[in-house]
Amino acid sequence: MTRRLGVLLVPVSGLSGTSYPVGTQVAIRGTGASVDGFVDGDWLPLAWWEFADTQQDDTPQI
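Residues numbered from 1 in each chain as written. Predicted model: local features only at pLDDT ≥ 70, side-chain atom pairs only at ≥ 80, totals over all residues. Heavy atoms only, no water.

Caption draft 1: Inspection of the packing of aromatic side chains at higher detail. Within the structure shown, the criterion is met by zero aromatic pairs. The residue whose ring lies beneath R29 is F38, and the NZ or CZ to ring-centre distance is 4.8 Å. (Phe/Tyr/Trp six-rings, centres within 6.5 Å; stacked < 30°, edge-to-face > 60°. Lys NZ or Arg CZ within 6 Å of the ring centre and 35° of its normal.)

Caption draft 2: Structural view of the side chain of R4. Relative to the helices and strands, R4 is located in strand β1 (residues 4-8). Accessibility expressed as a relative area gives 18% for R4, which makes it buried. (Helix = DSSP H or I, 4+ residues; strand = E, 2+ residues; numbered from the N terminus. Buried < 20%, exposed > 50% of the residue type's maximum accessible area, 1.4 Å probe, protein only.)

Caption draft 3: Representation of the nonpolar core within the structure. Ranked by size, the top nonpolar core spans ten residues in total: L8, V12, Y20, V26, I28, V35, V39, L44, L46 and F51. At the level of elements, β4 (25-29), β5 (34-39) and β6 (42-47) are the ones that each hand at least two residues to this core. With sequence-adjacent residues up to four places away left out, V35 is seen in contact with I28, R29, G30, L44, P45, L46 and F51. (Core = buried A, V, L, I, M, F, W, Y, C linked by side-chain atoms within 4.5 Å. Contact = heavy atoms within 4.5 Å.)

Caption draft 4: Structural detail: unusual backbone geometry. Positive phi is not limited to glycine here, since D40 has a value of about 50 degrees. The residue D40 is located in the loop between β5 and β6 in this model.

Caption draft 5: Just the environment of D40, in detail. D40 sits in the exposed class, given a relative accessible area of 84%. Sequence separation between D40 and A27 is 13 residues; the distance between their C-alpha atoms is 9.0 Å.

Here it is, written out as structure tokens:
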């Protein structure tokens, strides 16, 4: 599965208790109404409305 990149649209707390502000870049795994987000190894359970996709990590930019 290709890892996607996204940004947070709202502040989200990670499993570690750290709160990540709007605009934080996250690595996203999964599809559907909820996905797994990761910031420096910290897991963020995300709903579809909490983030926006920016690009796929391994897709060459033209």
